[in-house]
Amino acid sequence: MARPTELERLTKVHAEAMAEFDRIQSAVRDERLQSLQDRRFYSIAGAQWEGPLSEQFENRPKFEVNKIALSVQRICSEYRANRIAAKFVAKTGEHDSLADTCAGLYRADEQDSVAEEAHDNAFEEAVAGGFGAWRLRAVYESEESDEEDEDQRQRIRIEPIFDADNSVFFDLQAKRQDKKDSTRCFVLTSMTHEAYAEAYDDDPTSWPKEIRQFEFDWCTPDVVYVAEYYRIEDRTEVVRVFESLDGSEEEYRAEDLDDEVLEQLQAIGSVEVRQKRVKRRRVHKYILSGKQVLEDCGYLPGRYIPIVPVYGKRWFIDNVERFCGHGRLAKDAQRLANMQRSALAEIAAYSTIEKPIFVPEQIAGHQVMWQEDNLKNYPYLLVNPITAPDGSMQAGGPVGYTKPPAVPPAMAALLQISEQDIRDVLGNAEQGEKIVSNVSGKAVDLVQAKIDMQTFLFMSNYGKGVRLEGEIWLSMAKEIYVEPGRKMKMIGEQDQVSSIELMRPMIDEDGELEHENDLTEAEFDVTVDVGPSSGSKRAATVRALTSMMAITSDPEAQKVLQAAALMNMDGEGLADIRDFFRKQLVQMGVIKPTDEEAQQMQAAGQQQDPNAVFLQAAAEEAMAKAAKANADVVKTIAESELTQAKTAETLMKIDGGGDAPSMGQSGQMQAAPMQAEPPMMSERERLELEAMMIENDIKRRQLDEQQARLERLQEELAASQTQNTTSADMQQMVETLRERVGMIDDTVAKIGDAITEMAGVMRENADRAIAQISRPKRLVRERGRIARIEVE
């Protein structure tokens, strides 16, 4: 059997889509129409009188006091003050740096695509009508890029979908609220006839759309609808498995294996060992008009339909998905209050003054006076007498008086009841504004928490949509953000901007090559934090931190709490202050630094702990003093050697020019044999010896002080190590200082021993000299002259 042509395939797709959309629209038409009416009721002036009620009040006043709009605005304002964000958590529950990378890229995509508009529109439509939606779409970074560009790069954009209750339709088999079990989705988009003809070069043929409301609006834009058709297809793909030289296996899809990739695999010695077939979930997108397939967009990145639905209040009854917004149950009470106000205004428009009633004969000739009485305030008014039947004149007053309309008692009671009904259905938010003075903060929080519980349902349902958005984004990012070396912007939790490089090669602890920031390996759970809150979560955080400061006595803990409170404060001109305190908390080790902050700290030589900074400075100071002491010791050694030389010279003189004393291997001075009677040690030499010994004692005391300083540093180091705040450089400095002081101690000890031995030798020589001088002597004469002196 011949395979169908491309035209036949697209014709079949269009026919299937038309039939399925007709079934979906027929099943949900009533619910979607009610949602549209609810949104019109709260937002469009005059729409509260649409329907049969307008016919009853035709040509009568129609006033509106829209209480539902104020209640919806309050809920939307609380949401905007407490936005919900998706978080990426490792499936093992442990911290993963790749999860932080995904979160930063996700926030950057939200910021660049102005996702707040999409989120705000969907939330307001869900609160007002019961259903809202937005989409995720992959677009090129540069508007000049196209599908033929080799270096095309895409980013994920988050875009709004307007009028979602009559433009977004999922298949009837989908029962989950997030529609992850859906296999079909239609998104209708309106276009003017001119825009349609220019975009598709075709006569406009609108997609069939029955959910619309024309009762109040006299004129609406003349538009044509096209349908975005998303269809889940399970494709069977061939995966080829290659084994590398080290025995590890790598899998490649057949469509990804081009000639260049195969050559690289062969060059590194990888060999194909087997093939296998796997099923893969893909999303196929078409754009349809009323008569044909306008465009086949192919397969989209990711495995989920990129449409995020959001509900207000949702039920599933009689196999039909039903939902409503915040104001549907209050519509009748609002209509009743409008009717009573309009009727009361109509009654008040009648005259409240009793007017006299005369016969024509009484007022004839005095009409002008009665007409101008309200302006000129005449002191009296005239009327004509009445002619009696017998022809006589008879004075008489007015025949009667008009009566002002009376307000029915039931109307006042009904107006009061309708106001109470509105408060009961929408919630009495005014009570939160009636808190009197001298009320405790706990009581205020309890009152506000009770009001907040009225909005928790909407925030919870919206949180499910945000979680789905995170899952869709992650699924798309794993296929889009895969370019090695691509630089991308990241946004931190405190709105700090940084940059990362995708697929950056690095060597792990085992010496093997791996790639950092590889999103193809990103397998995370997506979570959201949802909770009732009356104001900003940051404001609540600030209140909690300031309360903790009041009960904390630790100065360091108070400093951390104060910095955290200032970081979470909102206000004009606080951005620089928040940055300053963030840097402080990063340096103290309270907050984990980003990669960029870590690099800046490493480049600037900053330390995270101020105690470690102090210890390092103290160690450097001690090392400088130790170096000076070492230099002083060297100087002392040199001076000691000079003194030894002088002593040797003195002894040589005493010995009468004999050999100078020599220093032994141990550093001791060995005197030469005496050949003459040595004289007494001079006073100068004795003083030099004593000065040298005193100076050595001073050096020893300095050494003791350095030793004590070292011990104190060691104690501080041990305390710092207990808190895990001392760096490896600090430890190395202290170890170097310890070795230096030990060397100085040994040197000083050797010098002291040398000085002691030298002093002993000098004393021994002096005693010998004195003994020689004290022995009896006689003069020996030769040829009448004194030849020599001999000791007896």
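None of these values were measured; they are calculated from a predicted model.

1. Some thoughts on the overall build of the chain
On a plain count of helices and strands, the chain comes out with 20 helices and 25 strands. By residue count, 37% of the 792 residues in the chain fall in the buried class. In the chain, once contacts between residues fewer than 6 apart in sequence are set aside, the share between residues at least 24 apart is 69%. Split by element, the accessible area of the chain, about 46,000 Å² in all, is 51% carbon and sulfur.

2. Observations regarding the packing of helix 3 (residues 67–81) against helix 11 (residues 409–426)
Helix 11 packs onto helix 3 with a crossing angle of 20° between their chain directions and a minimal axis gap of 11 Å. With respect to helix 11, the element helix 3 is oriented roughly parallel. The chirality of how helix 3 crosses helix 11 is right-handed. Here helix 3 contributes K67, I68, S71 and R74 to the contact with helix 11, which in turn contributes E419, I422 and L426.

3. Notes on the pattern of salt bridges
Enumeration according to the criterion identifies 44 salt bridges in this entry. Here D38 and K331 are joined by a salt bridge, their closest N and O atoms 2.8 Å apart. Of this pair, D38 sits in helix 1 (residues 6–43) while K331 sits in helix 8 (residues 331–349), and the two are 293 residues apart along the sequence. For the residue pair D38 and K331, the accessibility class agrees, reading buried in each case. With a shortest N-O distance of 2.9 Å, R486 and E141 are connected by a salt bridge. Highlighted residues: R486 in the loop between helix 13 (456–480) and strand 17 (487–491) and E141 in the loop between strand 2 (131–140) and strand 3 (154–161), separated in sequence by 345 residues. Using a relative accessible area of 42% as the deciding quantity, one classes E141 as partly exposed. Overlapping salt bridges, with partners in common, bring together D109, D112, E141, R155, E483, R486 and K489 in one network.

4. Side note on the sheet that holds strand 2
Hydrogen bonds between backbone atoms are what pair the strands of a sheet, whose relative direction is either parallel or antiparallel. A sheet is described by the order of its strands in space; here 3 strands give the open sequence 3-2-10, paired in antiparallel fashion. If you trace the sheet from one side to the other, it starts and ends with strand 3 and strand 10 (307–311), each paired once. With strand direction ignored, the average angle separating the axes of adjacent strands in the sheet is 20°. As judged from the 8 bridges shared by strand 2 and strand 3, these two strands associate in the antiparallel manner.

5. Some details on the packing of aromatic side chains
Given two aromatic rings, one states the distance between the centres and the angle between the planes to describe the pair. Considering all chains together, one arrives at 20 aromatic pairs under this definition. Both rings, one in F21 and one in F186, keep their centres 5.3 Å apart while their planes meet at 65°; by these two values the pair is edge-to-face. Taken as a pair, F21 in helix 1 and F186 in strand 5 (residues 184–192) lie far apart in primary sequence, 165 residues in all. For the pair shown, F21 and F186 are each scored as buried. It is R314 that lies over the ring of Y311; its NZ or CZ is 5.2 Å from the centre. Here the guanidinium or amino end of K331 rests over the ring plane of F41, the centre of that ring lying 5.4 Å away.

6. Concerning the environment of S167
Within the secondary structure layout, S167 lies in the loop between strand 3 and strand 4 (168–170). Of the polar contacts made by the side chain of S167, one reaches the backbone oxygen of D163; its length is 2.6 Å.

7. Examining the packing of helix 8 against helix 11
Direction vectors running N to C along helix 8 and helix 11 enclose 150°, while the axes themselves pass 9 Å from each other. Helix 8 and helix 11 meet at a crossing whose hand is left-handed. Residues A333, Q334, L336, A337, Q340, R341, A343, L344 and I347 of helix 8 form the contact with helix 11, whose own contacting residues are M411, L414, L415, S418, E419, D421 and I422. Split into classes, the residues belonging to the contact of helix 8 with helix 11 amount to 10 nonpolar, 3 polar and 3 charged.

8. Some points on the pairing of strand 9 (residues 293–300)
The two faces of a sheet get side chains in turn, since along a regular strand they alternate between them. Examined bridge by bridge, strand 8 (residues 271–288) and strand 9 share 6 bridges and lie antiparallel to one another. Bridge pairing links I287 to E295 in strand 9.

9. A look at the nonpolar core
With 58 residues, the main nonpolar core has F88, F123, W134, L136, W473, Y481 and F524 as its most contacted residues. If you tally residues by element for this core, the top one is helix 13, at 11 residues. Discounting residues that sit within four places of it in the chain, F524 has contacts with F88, V89, A90, K91, D96, L98, A99, C102 and L474.

10. Let's talk about the environment of R9
Along the polypeptide, R9 turns up in helix 1. Owing to a relative accessible area of 28%, R9 belongs among the partly exposed residues under this scheme. Not counting residues within four places of it along the chain, the set of residues in contact with R9 comprises H284, Y286 and D296.

11. Things to note about unusual backbone geometry
With a phi angle near 60°, N59 is a residue other than glycine that sits in the positive phi range. Summarising the element assignment, N59 is placed in the loop between helix 2 (52–56) and helix 3. Positive phi, normally seen in glycine, also occurs at K179, with a value near 60°. Within the secondary structure, K179 is located in the loop between strand 4 and strand 5.

12. A word on the side chain of H326
If you trace the backbone, H326 turns up in the loop between strand 12 (320–324) and helix 8. H326 sits in the buried class, given a relative accessible area of 5%. A polar atom in the side chain of H326 sits 3.5 Å from the backbone oxygen of L426. With near-sequence residues (within four places) excluded, H326 lies in contact with S71, V72, I75, V127, A128, L426 and F458.

13. As for a negative patch on the surface
A cluster of acidic residues, D258, D259, E260 and E263, forms a negative patch on the protein surface. Inspection of the secondary structure puts D259 in helix 7 (residues 259–267). D259 gets classed as exposed once you look at its relative accessible area, which sits at 61%.

14. Overview of the confidence of the model for the chain
This prediction gives the chain a mean pLDDT of 77; 68% of its residues lie at or above 70. Low pLDDT, under 50, characterises residues 654–681; the predicted model gives this stretch 57 contacts beyond four residues in sequence or across chains. Considering only residues more than four positions removed or in separate chains, one finds that residues 723–727, a stretch of pLDDT under 50, has 9 contacts.

15. So, helix 15 (residues 555–567)
If you check helix 15, its first and last C-alpha atoms are 18 Å apart, about what 13 residues at 1.5 Å a residue would give, namely 18 Å. Within helix 15 the residues assigned to the buried category are V560, L561, A563, A564, A565 and M567.

16. Description of the environment of R281
Inspection of the secondary structure puts R281 in strand 8. With relative accessibility at 23%, the residue R281 sits in the partly exposed group. Those residues in contact with R281 that sit more than four places away from it in its chain are K180, S182, I232, E233, D234, G302 and R303. Engagement of the side chain of R281 in a polar contact is seen with the backbone oxygen of R303, the distance being 2.7 Å.

What counts, and at which threshold
Residues numbered from 1 in each chain as written. Predicted model: local features only at pLDDT ≥ 70, side-chain atom pairs only at ≥ 80, totals over all residues. Heavy atoms only, no water. Helix = DSSP H or I, 4+ residues; strand = E, 2+ residues; numbered from the N terminus. Buried < 20%, exposed > 50% of the residue type's maximum accessible area, 1.4 Å probe, protein only. Contact = heavy atoms within 4.5 Å. Areas by Shrake-Rupley, 256 points an atom, 1.4 Å probe, with all protein chains shown as cover. Axes fitted to C-alpha atoms, helices over the stretch in contact; angles between N-to-C directions. Parallel < 35°, antiparallel > 145°, perpendicular 65-115°, else oblique. Left-handed = near helix turned anticlockwise from the far one by under 90°. Salt bridge = Lys/Arg side-chain N within 4 Å of Asp/Glu carboxyl O. Pairing = 2+ DSSP bridges. Phe/Tyr/Trp six-rings, centres within 6.5 Å; stacked < 30°, edge-to-face > 60°. Lys NZ or Arg CZ within 6 Å of the ring centre and 35° of its normal. Polar contact = N/O pair within 3.5 Å; in protein donor to acceptor, adjacent residues only side chain to side chain. Nonpolar A, V, L, I, M, F, W, Y, C, P; charged D, E, K, R; others polar. Core = buried A, V, L, I, M, F, W, Y, C linked by side-chain atoms within 4.5 Å. Patch = residues over 30% accessible without salt bridge, like charges linked within 9 Å, V, L, I, M, F, W, Y side chains within 5 Å. Lys, Arg positive; Asp, Glu negative; His and termini not counted. Charge placed at Lys NZ, Arg CZ, Asp CG, Glu CD. pLDDT = per-residue confidence, 0-100. Expected span 1.5 Å × (residues − 1).

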